[in-house]
Amino acid sequence: MTNHTLTSSTARYTAYDPWAWLYNQSLGPQYCRDKLPFVEKLLLSKLKPAARILDLCCGTGHLTQHLATQGYQMVGLDGSEQMLHYARHNAPEAELITADARNFELPAPVDAVFSVSASLNHILSLAELSQVFDHVYAALATDGVFLFDLRLQGNYGNHPLTGGEVKADYAWAVGEGYDADSAMAFFTITIFHRADQVWQRSDLTYQAKAYACNDVQIALAQAGFRSVQIYDRAGDLMLPADQQMVYFLAHK
Ligand SMILES: C[S@@+](CC[C@H](N)C(=O)[O-])C[C@H]1O[C@@H](n2cnc3c(N)ncnc32)[C@H](O)[C@@H]1O
């Protein structure tokens, strides 16, 4: 395991707080449905029943809860206290921890860690992603497994995030931009919310980092992970490419 100097930017990530109420009833349930087949196929198939699993950047805990109902001992960790507020309601049996993915410790080791829905693209530099990998490695039991998805360079720009809904009391839309020179993306959530018959508008902007596949593989190896496998959206083993959203499966 390598040592990385913690920077001032490793203050706890709280940017999802103002979005949490909406995420809880829109993307949280949707991403749970979308990601479950990959987590089942790539990770759960390799674990013993009742394995202890960390959902890193668990958000509103929809996926955490789904696995808890399957008998897994679930731990959820997120930087946003508001996202965890909903996770406590959605996943009442899970052990939930407010902490930053770049700097955390667990009270007891886990058999597996997963992080999905491009959560780790919110880690904005390779040095900080390496900090995440170091802490995941330390949190895992011997022979533990780590699964995460990432949007790589080439995915942003070519496949911008879009979506939205119109409901009786709220409406929202997401748009995304990408700067290929810095490999930085930003997406904006515009929300209209009616309270006491008055419509209010808010605009939230989030940054995300597009990583190169090879950089991620090197950082995993430097953290001590071995036999890293890369899967594409279809869940099939693929050659490293910078054009996709991919899943990395790494072993301690
Ligand atoms: C796109 S949401 C995904 C949530 C959940 N994994 C899902 O699939 O619905 C990203 C989550 O990552 C969390 N997050 C981002 N950066 C973080 C960090 N450095 N430490 C802890 N949580 C972080 C956010 O608070 C948010 O809940």
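Predicted model, so just to flag it, every value in this text is computed and none were measured. (Residues numbered from 1 in each chain as written. Predicted model: local features only at pLDDT ≥ 70, side-chain atom pairs only at ≥ 80, totals over all residues. Heavy atoms only, no water.)

1. A closer look at the overall build of the chain
At step 1: In terms of regular secondary structure, the chain is built from seven helices and 11 strands.
At step 2: Taking 18 Å as the expected radius of gyration for a compact globule of 252 residues, we find that the chain reaches 18 Å, a close match to that expectation.
At step 3: Along the longest, intermediate and shortest principal axes, the C-alpha atoms of the chain span 55 × 45 × 40 Å.
At step 4: Here the chain holds 252 residues, and the buried ones make up 52% of them.
At step 5: Here the contacts in the chain between residues at least 6 apart in sequence split such that 66% fall between residues at least 24 apart.
At step 6: As displayed, the chain offers around 11,300 Å² of accessible surface, 51% of which is attributable to carbon and sulfur atoms.
At step 7: Considering the chain, the positive charge centre built from 17 side chains and the negative charge centre built from 26 side chains are found 3 Å apart. (Helix = DSSP H or I, 4+ residues; strand = E, 2+ residues; numbered from the N terminus. Rg over C-alpha atoms; globule rule 2.2 N^0.38 Å. Buried < 20%, exposed > 50% of the residue type's maximum accessible area, 1.4 Å probe, protein only. Contact = heavy atoms within 4.5 Å. Areas by Shrake-Rupley, 256 points an atom, 1.4 Å probe, with all protein chains shown as cover. Lys, Arg positive; Asp, Glu negative; His and termini not counted. Charge placed at Lys NZ, Arg CZ, Asp CG, Glu CD.)

2. Focus: the UniProt feature "domain: Methyltransferase" (unreviewed entry) in the chain
At step 1: The feature "domain: Methyltransferase" (unreviewed entry), as given by UniProt, occupies residues 53–144 in the numbering adopted here.
At step 2: Here residues 53–144 is 35% helix and 27% strand, with 10 Å between the C-alpha atoms at its ends. (UniProt positions renumbered as here; feature names shortened; annotations may be inferred.)

3. Things to note about the domain arrangement of the chain
At step 1: With domains assigned, the chain is organised as domain 1 (8–152 + 211–251) and domain 2 (155–208).
At step 2: Taken together, the contacts link 21 residues of domain 1 with 19 residues of domain 2.
At step 3: Summing the contributions of domain 1 and of domain 2, the shared interface buries around 1,600 Å²; its carbon and sulfur component is 60%.
At step 4: Of all residues in domain 1, the largest losses of buried area upon contact with domain 2 belong to Trp19, Trp21 and Arg151, amounting jointly to 36% of the total for that side.
At step 5: Where domain 1 packs against domain 2, one counts one salt bridge.
At step 6: In this structure, the connection of domain 1 to domain 2 is made through five residue pairs in polar contact (both at pLDDT 80 or more).
At step 7: Of all the elements in the fold, those that place two or more residues in the side of domain 1 that touches domain 2 are helix H1 (20–23) and helix H2 (27–42).
At step 8: Within the side of domain 1 that touches domain 2, the residues separate by chemical class into 12 nonpolar, six polar and three charged. (Domains from an automatic or database assignment. Buried area = accessible area lost by both parts, 1.4 Å probe. Salt bridge = Lys/Arg side-chain N within 4 Å of Asp/Glu carboxyl O. Polar contact = N/O pair within 3.5 Å; in protein donor to acceptor, adjacent residues only side chain to side chain. Nonpolar A, V, L, I, M, F, W, Y, C, P; charged D, E, K, R; others polar.)

4. What to know about the nonpolar core
At step 1: The biggest cluster of nonpolar side chains holds 35 residues, and the ones touching the most others in it are Leu56, Phe133, Phe146, Phe225 and Phe248.
At step 2: The element contributing the most residues to this core is helix H5 (residues 126–139), with six residues. (Core = buried A, V, L, I, M, F, W, Y, C linked by side-chain atoms within 4.5 Å.)

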